[in-house]
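One letter stands for each residue in the lines below.
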Amino acid sequence: CKTSSDIQMNGSLCFFAKKGTNSMSKKFNLNSAKLIVCCLGTIVIYAVMGLHNAKAATDENGGWATFILTGPIGDSQKKGRWHWWLDGQYRYLNTDTGRKQTLIRPAIGYAANDKLKLWAGYAYLRLRRSGQETVNENRLHQDAVWYLKAFNTSAVTLRSRLEQRWVNSSNDVGWRFRQLAILQSPFMSSPNFSLLLSEELFINLNDTEWGERSGFDENRLFLGISYQMNPATSFQIGYQNQLIDNY
């Protein structure tokens, strides 16, 4: 088992076609709190299991740049249920491997209600390493995203994602489950600024002939600051620790 621990700066510029319509709840929702604690507890347990099973680790420093575009489909004034999404990422690790990743990911979403959105999309990822063959990966994904409120002003987002993955060297399909939890809490003195904390766990659901093994795959922990530039645009920057198993 070879484990790589990536320590990265993650800056993302996020453009939103409209401001979120989920209203802030002034009361703490006990059911929401239970769901948050349950999801976070599960993520932490599996993350600890991944750390425990790691036999070797290398530290790498790098940077990620991300843009996100999203908005309603059709007349935004009618607050329709259908939405579109597009994000792109460039990832670079300044190590001997010269690892670079480029990702583009469009998706279509449906708002079941004010607290739940369902998404389906496609992602293309290109991985380049010095002296090695370029890997092209295609993915399909299905998401369920819950928007919750807790502790008066804090916003909590929980995303469960199922992925189907192919690479250019094989027709074998890799199945992976991802659970993301995001806590965003505005500063009392400067409400345009918010503290961001996110945790995402990756679990492979099967073995593949191109090298993926079932079980713990990756964990990402992010801490950063978000600045709401205007109702349609925000900017985020922060630090991310990425632990990758079977790297």
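Further up the page is the structure itself.
To start, this report covers the structure provided alongside it.

1. Notes on the packing of aromatic side chains
Thinking step 1. Tallying each qualifying case throughout the model produces three aromatic pairs.
Thinking step 2. With centroids separated by 5.9 Å and ring planes inclined at 70 degrees, the aromatic side chains of Trp-85 and Trp-119 adopt a geometry described as edge-to-face. With Trp-85 in strand 3 (residues 82-93) and Trp-119 in strand 5 (residues 116-128), this pair connects stretches of sequence that are 34 residues apart.
Thinking step 3. Trp-85 gets classed as partly exposed once you look at its relative accessible area, which sits at 27%.
Thinking step 4. Relative accessible area serves as the criterion here: at 9%, Trp-119 is assigned to the buried category.
Thinking step 5. For the ring pair Phe-193 and Tyr-227, a centre distance of 4.7 Å and an interplane angle of 35 degrees mean the geometry is tilted. Taken as a pair, Phe-193 in strand 9 (residues 193-204) and Tyr-227 in strand 10 (residues 215-230) lie far apart in primary sequence, 34 residues in all.

2. Structural notes on the pattern of salt bridges
Thinking step 1. Applying the stated criterion across every chain, the model contains 12 salt bridges.
Thinking step 2. The partner of Asp-143 in a salt bridge is Arg-161, with the nearest N and O atoms 2.8 Å apart. Residue Asp-143 is located in strand 6 (residues 135-150), and its partner Arg-161 is located in strand 7 (residues 154-167); the two are separated by 18 residues in the primary sequence.
Thinking step 3. A relative accessible area of 8% means that Asp-143 is categorised as buried.

3. Observations regarding the pairing of strand 7
Thinking step 1. Of all the 14 residues making up strand 7, 11 are buried; the element is thus mostly covered by neighbouring parts of the structure.
Thinking step 2. In the sheet, strand 6 pairs with strand 7 via 14 bridges, with the strands oriented antiparallel. Each bridged residue has a counterpart across the sheet, and for Leu-140 the counterpart in strand 7 is Gln-164.
Thinking step 3. Count of turn residues in the strand 6/strand 7 antiparallel hairpin: three residues, of which Phe-151 carries a positive phi of about 55 degrees.
Thinking step 4. Summarising the sheet, strand 7 and strand 8 (residues 170-186) pair through 12 bridges and their orientation is antiparallel. Bridging from a neighbouring strand, Arg-165 pairs with Gly-174 of strand 8.
Thinking step 5. Here strand 7 folds back onto strand 8, and the loop between the two strands holds two residues.

About the thresholds
Residues numbered from 1 in each chain as written. Predicted model: local features only at pLDDT ≥ 70, side-chain atom pairs only at ≥ 80, totals over all residues. Heavy atoms only, no water. Phe/Tyr/Trp six-rings, centres within 6.5 Å; stacked < 30°, edge-to-face > 60°. Helix = DSSP H or I, 4+ residues; strand = E, 2+ residues; numbered from the N terminus. Buried < 20%, exposed > 50% of the residue type's maximum accessible area, 1.4 Å probe, protein only. Salt bridge = Lys/Arg side-chain N within 4 Å of Asp/Glu carboxyl O. Pairing = 2+ DSSP bridges.

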